[in-house]
Amino acid sequence: MTEDPLEGWFEATVVELKPDNVLRLQWRHYLDLPPFNRRLEDVALLHPSMKL
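Overview of the structure. (Residues numbered from 1 in each chain as written. Predicted model: local features only at pLDDT ≥ 70, side-chain atom pairs only at ≥ 80, totals over all residues. Heavy atoms only, no water.)

1. Quick look at the pattern of salt bridges
And then number 1: Applying the stated criterion to the full structure yields 3 salt bridges.
And then number 2: For the salt bridge of Lys18 with Glu16, the shortest nitrogen-to-oxygen distance reads 4.0 Å.
And then number 3: Since its relative accessible area comes to 28%, Lys18 is described here as partly exposed.
And then number 4: Looking at Glu16, the relative accessible area reads 38%, which means it is partly exposed. (Salt bridge = Lys/Arg side-chain N within 4 Å of Asp/Glu carboxyl O. Buried < 20%, exposed > 50% of the residue type's maximum accessible area, 1.4 Å probe, protein only.)

As structure tokens, this is what we get:
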């Protein structure tokens, strides 16, 4: 995820799947920031078995 296209990307965790393919996300390394929503087609998902 990224807030700005020129900023690069940052990892977020899916905390909820909402109606209409909307994901509720939380920044992985910035837990003090509030969760936010993004449409499914706007995020790149890693398979759950992926080792980080």
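Okay, back to it.
2. Here we look at the packing of aromatic side chains
And then number 1: Evaluated as defined, the whole model comprises 3 aromatic pairs.
And then number 2: Pairing Trp27 with Phe36 gives two aromatic rings, centres 4.7 Å apart and planes at 35°, and the pair type is tilted.
And then number 3: A relative accessible area of 11% places Phe36 in the buried class.
And then number 4: The rings of Phe10, Trp27, Tyr30 and Phe36 are connected pair by pair, giving a single aromatic cluster. (Phe/Tyr/Trp six-rings, centres within 6.5 Å; stacked < 30°, edge-to-face > 60°.)

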